[in-house]
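Structure at a glance
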Amino acid sequence: MKRRKFITLIGGAAAAWPLAARAQQPAMPVIGYLNFGSPESDTPRLTGLRRGLNESGYVEGRNFVIEYRWAGNQVDRLPALAADLVQLRVAVIVAAGSLPALAAKAATTTIPIVFLVGADPTQLGLVASLNRPGGNLTGQNVFNAELGAKGLALLHELVPSTATIGFLMNPNNPLFELTTRDVLAAAPVLGLKVQILKASTDREIDAAFVSLVQSRTGALLVGGDPFFNNRIERLIELAARHAIPTMYLFREFVVAGGLISYGTSLIEQYRQVGLYTGRILKGEKPADLPVIQATKLELVINLKTAKALGLQIPDRLLALADEVIE
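Okay, so let's go over this structure.

About the thresholds
Counting starts from 1 at the beginning of each chain's written sequence and moves along it residue by residue. Per-residue local features are limited, in this predicted model, to residues with pLDDT of at least 70; the limit for side-chain atom pairs, both in listing and counting, is 80 or more; totals at the level of whole chains, interfaces and linings are taken over all residues. To obtain the side-chain values, all non-hydrogen atoms of the structure were included, while hydrogens and water were left out. Accessible area is worked out with a 1.4 Å probe on protein chains only. A residue is then buried under 20% of its type maximum, exposed over 50%, and partly exposed in between. Strands are runs of DSSP state E lasting at least two residues, helices are runs of H or I lasting at least four, and both sets are numbered from the N terminus onward. In this analysis, strands are considered paired if DSSP registers two or more bridges between them. Seen with its strands pointing away from the viewer, a crossover is right-handed when the path leading from the first strand over the helix to the second is clockwise. A contact between two residues is defined here by any heavy atoms of the two lying within 4.5 Å. For helices, the axis comes from a line fit to the C-alpha atoms of the stretch in contact; other axes are also lines fit to C-alpha atoms, and the angle between any two N-to-C directions lies between 0 and 180 degrees. Under this scheme an angle from 65 to 115 degrees is roughly perpendicular, one under 35 degrees roughly parallel, and one over 145 degrees roughly antiparallel; angles in between are oblique. Helix crossings get a hand from a simple test, with the near helix turned counterclockwise from the far one by less than a right angle marking a left-handed crossing and a clockwise turn marking a right-handed one. Ten residue types, Ala, Val, Leu, Ile, Met, Phe, Trp, Tyr, Cys and Pro, are classed as nonpolar, four, Asp, Glu, Lys and Arg, as charged, and the remainder, Gly among them, as polar. In this analysis, the expected span of each helix is defined as 1.5 Å times one less than the number of residues it contains. One axis fitted to the seven residues ending at a residue, another fitted to the seven starting there: the angle between these axes is the bend at that residue. Note on aromatic pairs: the rings of Phe, Tyr and Trp (six-membered ring only in Trp) are paired at centre separations within 6.5 Å, and the planes decide the class, stacked below 30 degrees, edge-to-face beyond 60, tilted for the rest. Each salt bridge in this description consists of a side-chain nitrogen of Lys or Arg and a carboxyl oxygen of Asp or Glu lying within 4 Å of one another.

Brief notes about the pairing of strand E4 (residues 113-117)
With five of its five residues buried, E4 lies for the most part within the structure. On E4, burial covers both faces: Ile 113, Phe 115 and Val 117 on one face and Val 114 and Leu 116 on the other are all buried. In the sheet, strand E3 (residues 92-96) pairs with E4 via four bridges, with the strands oriented parallel. Directly across from Ala 96, in E4, lies its bridge partner Leu 116. Remark: the E3/helix H4 (residues 98-107)/E4 crossover connection has right-handed handedness.

Describing the sheet that holds strand E2 (residues 65-70)
Strand order in the open sheet formed by six strands is E2-E1-E3-E4-E5-E11, with parallel pairing between adjacent strands. The two strands at the open ends of the sheet, each matched to only one other strand, are E2 and strand E11 (292-293). Across six bridges, strand E1 (residues 30-35) lies against E2 in parallel orientation. What sits directly across from Gly 32, in E2, is Glu 67. In this fold helix H3 (residues 78-87) packs onto E1, E2 and E3, with an angle of close to 180 degrees to the strand it touches most, E1. Taken strand by strand, helix H11 (residues 266-281) contacts E1, E3, E4, strand E5 (137-141) and E11, and its axis lies near 165 degrees from that of E4.

Quick word on the packing of H3 against H4
Contact pair H3 / H4: the axes reach a minimum separation of 8 Å and the direction vectors enclose 50 degrees. Here H3 lies oblique to H4, going by the angle between them. Considering the relative orientation of H3 and H4, their crossing is right-handed. Residues Leu 78, Pro 79, Ala 82, Ala 83 and Val 86 of H3 form the contact with H4, whose participating residues are Leu 99, Pro 100, Ala 103, Ala 104 and Ala 107. Broken down by class, the residue content of the contact of H3 with H4 amounts to 10 nonpolar, no polar and no charged.

Comments concerning helix H2 (residues 39-55)
Along an α-helix, a turn takes 3.6 residues, which lines up residues three or four apart on a common side. Here H2 contains 17 residues, and its C-alpha end-to-end distance of 23 Å stays within 8% of the 24 Å for a straight helix at 1.5 Å per residue. The largest bend along H2 reaches roughly 45 degrees and is located at Arg 45. Of the residues making up H2, those classed as buried are Ser 41, Asp 42, Arg 45, Leu 46, Gly 48, Leu 49, Gly 52 and Leu 53. Contacts made by the buried residues of H2 are with E1, E2, E3, helix H8 (226-229), helix H9 (232-241) and H11. Gly 57 occupies a position one or two residues after H2 and carries a positive phi of about 95 degrees.

A closer look at the packing of aromatic side chains
Counted by the stated rule, this structure contains six aromatic pairs. An angle of 70 degrees between the planes, with centres 5.9 Å apart, marks the rings of Tyr 33 and Tyr 68 as edge-to-face. One end of the pair, Tyr 33, is in strand E1; the other, Tyr 68, is in strand E2, and 35 residues separate them in sequence. With respect to burial, Tyr 33 and Tyr 68 carry one shared label: buried. Measuring from ring centre to ring centre gives 5.1 Å for Tyr 68 and Trp 70, while their planes differ by 5 degrees; the resulting arrangement is stacked. No difference in accessibility class separates Tyr 68 from Trp 70, as the two residues are buried. Aromatic ring contacts, followed pair by pair, group Tyr 33, Tyr 68 and Trp 70 into a single cluster.

What to know about H11
Helix length check: H11, at 16 residues, gives a terminal C-alpha distance of 23 Å against a target of 22 Å (1.5 Å per residue), a fit within 8%. Most of H11 is tucked away, with 12 of its 16 residues classed as buried. For H11, the full list of buried residues reads Leu 266, Gln 269, Tyr 270, Arg 271, Gln 272, Val 273, Gly 274, Tyr 276, Thr 277, Gly 278, Ile 280 and Leu 281. Just downstream of H11 lies Gly 283, where phi reads positive at about 120 degrees.

So, the pattern of salt bridges
Across all of its chains, the model carries 15 salt bridges by this definition. For Arg 69, the salt bridge is made with Asp 84, and the minimal N-O distance between the two is 2.8 Å. Of this pair, Arg 69 sits in strand E2 while Asp 84 sits in helix H3, placing them 15 residues apart in sequence. What makes Asp 84 partly exposed here is its relative accessible area of 26%. Glu 268 is the salt-bridge partner of Arg 271, the closest N and O atoms lying 3.0 Å from each other. Separated by three residues within a single helix, Arg 271 and Glu 268 lie in helix H11, roughly one turn from each other. Classification of Arg 271 as buried rests on a relative accessible area of 17%. Glu 268 sits in the partly exposed class, given a relative accessible area of 28%. One salt-bridge network, held together by shared partners, links Asp 206, Arg 234, Glu 237 and Arg 241.

Structure, rendered in structure tokens:
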């Protein structure tokens, strides 16, 4: 063989080796992320999701990527966004909230789905049972629906002179009827009246606070809803402006300046979802992973906000508090 031809053959083979090696490398898994809100409001919670994935050995951009889909607080966009993720053939879909989870479930029966919801997922029709979900879904339940009555009792203890407490809830939430019914049932036992306030838009949130002021309602309980979780700063600002003691369900509200919360941490729940997502990427099946029930419920109080409202926090509540922000 002539020397020039030999060198050409060797050079061509050497150039082909990296291509062959790359072709043999497994494709980087893609996670689909479906959320009702917006990128701006979701940023803090996504740190929890990434933390859980990191603990499972997955680092975004290094050995997996995420295709994000936000509905911009428009419920009717969720089905199309879920269908888009299915067309991309993502490895798993993370559905943050009841409505995204239901949209994802309707879009696929084969792609694994990890959800984060605020009520019994069997009642929502997401899984067959908590211990053995079956199908292609599993995830986390943060007990939002059941916490309304407890939040009402704690708020009453904080402002015992208040005869009427407002309850703000999104009427588009699948849990609206259940949560509202529980709060209304708990009110007479505490000697309270409840003013039901509905909001699914920014304008309706503003109108709800105007209604509170006009009716001289002395305090407010904010229900658990993805839309409200995407409006943390707005809700806190309105509560401060109108000097209305307000109870929330998630710690993040109080850290941002809210008065008091009883429930879980959104960031921690997202971390748990990240851990489950990592397990599925490693080959486990959703049908075999029990739905996680949030067990760590925390009472968090912001003393700086209480002082601004002229409130003296009862000693018993301070003693019960898991965290006091000063």
